[in-house]
Amino acid sequence: MFLRELTASPDHIKGAGPATIRALARAGITSVGGLLCRYPRDWEDRSVTVPLADFRRHPSVCTVVRVLAHDWFGFGRMKTLKVYVEDASARAVLVCFNRPFLEKQLTVGKQFRLWGRFFYKYGEIQSTMFEVEPLENAGAAETLPETVAESSRGFGRILPVYPLSAGLTQGLLRKLIRTALSQYAAPLEDELPAAIIRRDGLLPKARALRAIHFPASMEELDLARKTLIYEELFYLEVLVGRRAMERRPAGNSDAAASPTRASGTPAPLQRRLLERLPFTLTPGQEEAAAEINRDMDGPFPMARLLQGDVGSGKTLVSFLAALRAIEAGGQAALMAPTELLARQHAENAAALLEPLGVRIAFLTGNIKAAGRTPLLKSLAAGDVDMVVGTHALFSRDVVYRSLKLVVVDEQHRFGVTQRQAIMEKGHSSLVSPGMPDLLMMSATPIPRTLALTVFGDLDVSVIRGLPPGRKPVKTHLARESNEGKVYDFVGRELAAGRQAYFVYPLIEAADSGDLKDAESMAERLATTVFPQYKTALVHSRLDEEEKRKTMEAFRRGEVKALVATSVVEVGVDVPNASCMVIEHAERFGLSALHQLRGRVGRGAEQSYCFLVYSDEGPDGDGLTETGKTRLRVMLENSDGFVIAEEDLKLRGPGQITGIEQSGYLALGIADPVRDAGELARARADAFAMLEADPGLLAPDHRCVAGVLERVPPFSQVVM
Ligand code: ADP
Ligand code: MG
């Protein structure tokens, strides 16, 4: 039996009542297996003595003390008991907030076992978080034993510390999980090939699971962690590997090195586009386009991730790819995360590609039946060569005549099951169905470690460098109290014919009232700050038609100052805009700040980004340490890759833009950044296994096949 087969409801656990079951369900735990996978976030070692004198060097003290005296401070209901204690090493004070009953228990002269977190205050070693237990064999406190004898309150053991939620206490979870382990753990089968368990000296599954919750020693805990981390990463890479092999059958994993390597020279349509451009490709674009051409001419469907910093010119590269697909008699689809961006792409495509005879269509969820029906007809008939839109491109009723290329722009914005739906469209093409070529684009650089996991089956192209003539954006920090100077500066830019963005964290005024919002500021900028210029407001709650009109007016230069929320974060391309003012910049994440700043610096003029921050929140908490660090990172760096690495450091891998929201990684205990070494090994093992035994038929691989059968599709890795 495998762990994920423990689907029985937790009410089968002895002693779990209805209230507990409800609390578990609220925490997302609906099965015994789910409960056992609720790994501790920490462990308290109460098995080893830590004397009071050592409180600074350990997270907690675990010792035997004698009660010296009682004292009270405060009055009335605030009256609080202080208990003076000492062990063989030092004296300390237990501050018994809300625990007056301890007066009777902790009688003067008696000995107790004590566990607690201590700190130094008012010249005393103090604790407010502690547990005590009477010591039966009195007289032992003179010399402290090395290890603490086991007891009901957890003394003498290593105790798990669980992440809690409403209705779930440490005590309850400890009891439940301990019971569940004794009822269910024994028959659990190993999920890793025996050869790997042997090679790395890992634990059998049942023991690893017991030990992760209730380890007998810190050494056993280490082994349990190692086992479970490795197991998670191994399965992650097995899924990645299987997807890679769907594209490239085993034995062909290195097609690029094969002698029939495709040349990737530009096709006639591509050449014609290049000739019509007022500029030449940057070396990075050139390189990426050639790689894509080779993929598209090659024997296997392309699956390529195109990374390039904001403004590096990815759109053009995707247009070149589209031309190759079209020239080969197929259709291309370009999907963008917002309607705003999709429309901009469609307009660009129309301007650049229609003159070459390419028939372009625009499709989003907002297009009503009257327009939609004929459009779908022409897609199925092949009267459209390239369709640009939102995820509506892949809704059920859309049928392609021959979908050959799918481009996903800002791919990190898309959710879990999209890749599957996209692939389906290729398979259900009316003419020569098959897996389409896939080009994913992202300005959010994916750190190497994550590239091995989430995108582990993709080839990667990187566009380094920006088109020539771009001047780096000058970034300035400004306190909110200096905003007047910022407005003056922007005013001079507007007077010189340039345009500006003003970005706010909120759409409308919030009740708590300390943050500026886009609506009120649009009003203020229009009436008092820049009455002589036309301003406009755009945010996600406006309807698409209104957004479209506003953006068009801004693009044409009629609107001089655009007041917005982070809707303008992705993709928007208005080269004449030279100022980006982000107010309450401390509220935005690093990747959002980088994307926003990337909206300017797209033309030949010098551009500026002002990060306006407030260092006084309602409780003086305006600027947190992380907030400060983020602003500093933005001030000192312009390279998106560096900023992404800093982001990773600040937030941890689970939080990387897009990864968390779209459920890319559902890891319980592994951390692909911290465990990068393990990850590389797991990847090598998984790929070697799949290469040698794609059907997982070898006896030692049957457990893997067994687990995979029970993995719901796309539960762990997507895109
Ligand atoms: P991103 O990579 O952020 O999606 P875009 O594709 O929006 O960047 O390109 C940014 C701007 O750079 C566009 O206005 C585009 O026309 C322009 N551009 C693209 N390639 C070049 C080039 N080789 N030389 C000059 N400008 C370019
Ligand atoms: Mg773009």
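Everything below is about the structure printed above this text.
For every chain, the first residue of the written sequence is number 1, and numbering continues from 1 along that sequence. For this description, chains carry letters from A and ligands carry numbers from 1, given in the order in which they are written. Owing to the predicted nature of the model, reporting of local features is limited to residues with pLDDT of at least 70; listing and counting of side-chain atom pairs is limited to 80 or more, with chain, interface and lining totals taken over all residues. Hydrogens are left out, water is left out, and the side-chain values use all remaining heavy atoms of the structure.

1. Structural notes on the overall build of the chain
Under the DSSP-based scheme used, a helix requires at least four consecutive residues in state H or I and a strand at least two consecutive residues in state E, with every element numbered from the N terminus. If you tally the helices and strands in the chain, you get 22 helices and 20 strands. The buried share of the chain, taken over its 719 residues, is 53%. A separation threshold of at least 6 residues defines the contact pool for the chain, and within that pool the share at least 24 residues apart is 73%. The method behind every accessible area is Shrake-Rupley, applied with a 1.4 Å probe, and residues are considered shielded solely by the protein chains displayed. For the chain, the exposed surface amounts to about 31,700 Å²; the carbon and sulfur share of it is 53%. Accessible area is worked out with a 1.4 Å probe on protein chains only. A residue is then buried under 20% of its type maximum, exposed over 50%, and partly exposed in between. Note on definitions: a residue-residue contact is assigned when non-hydrogen atoms from the two residues lie within 4.5 Å.

2. Describing the packing of aromatic side chains
For Phe, Tyr and Trp, where Trp contributes only its six-membered ring, two rings pair if their centres lie within 6.5 Å, and the inter-plane angle classes them as stacked under 30 degrees, edge-to-face over 60, or tilted in between. Under the criterion given, the structure shown has eight aromatic pairs. When the ring of tyrosine 501 is compared with that of phenylalanine 554, the centres are 5.1 Å apart and the planes differ by 65 degrees; the resulting orientation is edge-to-face. Taken together, the positions of tyrosine 501 in strand β16 (residues 499-503) and phenylalanine 554 in helix α17 (residues 544-556) put the pair 53 residues apart, joining distant regions of the chain. Grouping residues by exposure puts tyrosine 501 and phenylalanine 554 together as buried. Each member of the aromatic cluster is reached from another via a ring pair, and the members are Tyr487, Phe502, Phe530 and Tyr533. Should the NZ of a Lys or the CZ of an Arg lie within 6 Å of a ring centre and within 35 degrees of the ring normal, that charge is described as sitting over the ring. Positioned above the aromatic ring of phenylalanine 130 is the side chain of arginine 99, whose terminal nitrogen or guanidinium carbon lies 4.1 Å from the ring centre. Geometry around phenylalanine 214 places arginine 178 over its ring, the cationic atom sitting 4.0 Å from the centre.

3. Here we look at the site of ligand 1
We define proximity as follows: a residue is near a molecule or strand when any one of its heavy atoms falls within 4 Å of that partner. Around ligand 1, 17 residues are found, and the nearest of them are Gly311, Lys314, Thr315, Arg470 and Asp573. Throughout this description, a polar contact denotes any pair of N or O atoms lying within 3.5 Å of each other; where both atoms belong to protein, one of them has to be capable of donating a hydrogen while the other can accept it, and for residues adjacent in sequence the pair is counted only when both atoms sit in side chains. In the environment of ligand 1, an oxygen atom lies 3.4 Å from a nitrogen or oxygen atom belonging to the backbone of serine 312. Here an oxygen atom of ligand 1 sits 2.6 Å away from a polar atom, N or O, in the side chain of threonine 315. Protein chains shield 84% of the accessible area of ligand 1, which is 570 Å² for the free molecule. Of all the elements, helix α10 (residues 314-327) adds the most residues to the shell around ligand 1, at three residues. Of the residues that constitute the shell around ligand 1, the class distribution is five nonpolar, seven polar and five charged. When residues are grouped by polarity, Ala, Val, Leu, Ile, Met, Phe, Trp, Tyr, Cys and Pro land in nonpolar, Asp, Glu, Lys and Arg in charged, and all others, Gly among them, in polar.

4. Considerations on the side chain of asparagine 293
By secondary structure assignment, the location of asparagine 293 is in helix α9 (residues 283-297). In terms of polar contacts, asparagine 293 uses its side chain to reach the side chain of arginine 324, at 3.3 Å. When sequence neighbours within four positions are dropped, the list of residues in contact with asparagine 293 reads Gly264, Thr265, Pro266, Gln270 and Arg324.

5. Remarks on the pairing of strand β5 (residues 111-121)
Relative to β5, strand β2 (residues 61-73) runs antiparallel, the two sharing six bridges. Each residue of the ladder has a partner; that of threonine 63, found in β5, is leucine 114. Where β5 lies against strand β6 (residues 124-134), nine bridges are found, and the strand directions are antiparallel. Note that in β6 the partner of lysine 121 across the bridge is glutamate 124. Following DSSP output, two strands are said to pair if at least two bridges run between them. The turn linking β5 back onto β6 is made up of two residues, and tyrosine 122 within it adopts a positive phi angle of 50 degrees.

6. A short note on helix α19 (residues 625-636)
An expected span of 1.5 Å times one less than the residue number is assigned to each helix. With twelve residues, α19 should cover 16 Å at 1.5 Å per step; its first-to-last C-alpha distance of 16 Å lies within 8% of that length. Within α19, the full set of buried residues consists of Gly627, Arg630, Leu631, Val633 and Met634. Summarising the axial view, the buried residues of α19 lie within an arc of 160 degrees, below the 170-degree limit, and thus occupy one face. When the buried face of α19 is taken as reference, the exposed residues oriented beyond 90 degrees from it are Glu625 and Glu636. An arc is given here, and it is the one of the directions from the helix axis to the C-beta atoms.

7. Topic: the pairing of strand β3 (residues 80-86)
With five of seven residues buried, β3 is to be regarded as a mostly interior element. Alignment of β2 against β3, held across seven bridges, turns out to be antiparallel. Looking at β3, one finds that alanine 69 is bridged to tyrosine 84. Hairpin connection of β2 to β3: six residues between the antiparallel strands, including glycine 74 at a positive phi of 80 degrees.

8. Digging into the nonpolar core
Note that soluble globular proteins tend to have their nonpolar side chains buried in a common cluster. With 60 residues, the main nonpolar core has Ile13, Leu35, Leu36, Ile212, Phe234 and Val704 as its most contacted residues. Every element with two or more residues in this core is listed here: α1 (18-26), α2 (32-36), α4 (170-184), α5 (194-200), α6 (205-213), α7 (218-247), α21 (676-692) and α22 (702-709). If one sorts the elements of this core by residue count, α7 sits on top with eleven residues. Take the buried residues of types Ala, Val, Leu, Ile, Met, Phe, Trp, Tyr and Cys, join any two whose side-chain atoms come within 4.5 Å, and each joined set is a nonpolar core.

9. Focus on the sheet that holds strand β8 (residues 303-308)
Either a parallel or an antiparallel arrangement is found when strands of a sheet pair, and the pairing is made through backbone hydrogen bonds. Strands sit in the order β10-β11-β9-β12-β13-β8-β14 across an open sheet of seven strands; the sheet is parallel. Both outer strands of the open sheet, β10 (360-363) and β14 (459-463), are each paired with one neighbouring strand and no more. Across the sheet, the mean angle from the axis of one strand to that of its neighbour is 20 degrees, orientation sign disregarded. Relative to β14, β8 is paired through five bridges, and the arrangement is parallel. Paired with glutamine 307 across the strands is valine 462, a residue of β14. Whenever a helix is involved, its axis is fitted only over the stretch in contact; in every case the axis is a line through C-alpha atoms, and angles between N-to-C directions fall within 0 to 180 degrees. Docked against the sheet, helix α11 (residues 339-353) engages β9 (331-335), β10 and β11 (386-389), running at close to 170 degrees with respect to β10. Contacts from helix α12 (residues 369-381) reach β9, β10 and β11, with the element oriented near 135 degrees to β10.

10. Some details on the packing of α10 against α11
Interaxial distance between α10 and α11 falls to 11 Å at its minimum, and their mutual angle equals 60 degrees. By the criterion of interaxial angle, the relationship of α10 to α11 is oblique. Where α10 crosses over α11, the handedness of that crossing is right-handed. Along the contact surface, α10 presents Thr315, Leu316, Phe319 and Leu323, while α11 presents His345, Asn348, Ala349, Leu352 and Leu353. For the contact of α10 with α11, a count of residues per class yields six nonpolar, three polar and no charged. Orientation categories follow fixed angle ranges, with anything under 35 degrees roughly parallel, anything over 145 roughly antiparallel, 65 to 115 roughly perpendicular, and all other angles oblique. Rotating anticlockwise by less than a right angle from the far helix to the near helix defines a left-handed crossing, while the corresponding clockwise rotation defines a right-handed one.

11. A few points about the side chain of glutamate 339
Inspection of the secondary structure puts glutamate 339 in helix α11. With sequence-adjacent residues up to four places away left out, glutamate 339 is seen in contact with Phe362, Thr364, Asn366, Thr390 and Glu544.

12. As for α6
The buried fraction of α6 is high, at seven of nine residues. The set of residues buried in α6 consists of Lys205, Ala206, Ala208, Leu209, Ala211, Ile212 and His213.

13. Here's the deal with the sheet that holds β6
Strand order in this closed barrel of five strands is β2-β3-β4-β6-β5, and the pairing throughout is mixed. Adjacent strand axes in the sheet meet at a mean angle of 45 degrees when their direction is disregarded. Examined bridge by bridge, β3 and strand β4 (residues 91-96) share six bridges and lie antiparallel to one another. By the bridge assignment for β4, glutamate 86 is matched with arginine 91.

14. As for the environment of threonine 315
Mapped onto the elements of the fold, threonine 315 is located in helix α10. Once residues within four sequence positions are removed from consideration, threonine 315 is found in contact with His345 and Met441.

15. Some points on unusual backbone geometry
What you tend to see is this: most non-glycine residues have negative phi, and most peptide bonds are trans. Even without being a glycine, asparagine 98 presents a positive backbone phi close to 55 degrees. One can find asparagine 98 in the loop between β4 and α3 (102-105). The exposure class assigned to asparagine 98 is exposed, which follows from its relative accessible area of 72%.

16. Considerations on the pattern of salt bridges
Any Lys or Arg side-chain nitrogen found within 4 Å of a carboxyl oxygen on Asp or Glu counts as a salt bridge. Tallied over the entire structure, the rule returns 36 salt bridges. Its salt-bridge partner being glutamate 133, residue arginine 113 comes within 2.8 Å of it at the nearest N-O pair. One end of the pair, arginine 113, is in strand β5; the other, glutamate 133, is in strand β6, and 20 residues separate them in sequence. Assessed through its relative accessible area of 7%, glutamate 133 is described here as buried. The partner of glutamate 678 in a salt bridge is arginine 681, with the nearest N and O atoms 3.0 Å apart. Of this pair, glutamate 678 and arginine 681 are both found in helix α21, three residues apart, which corresponds to roughly one turn of the helix.

Honestly, it's all geometry; don't read function into it.
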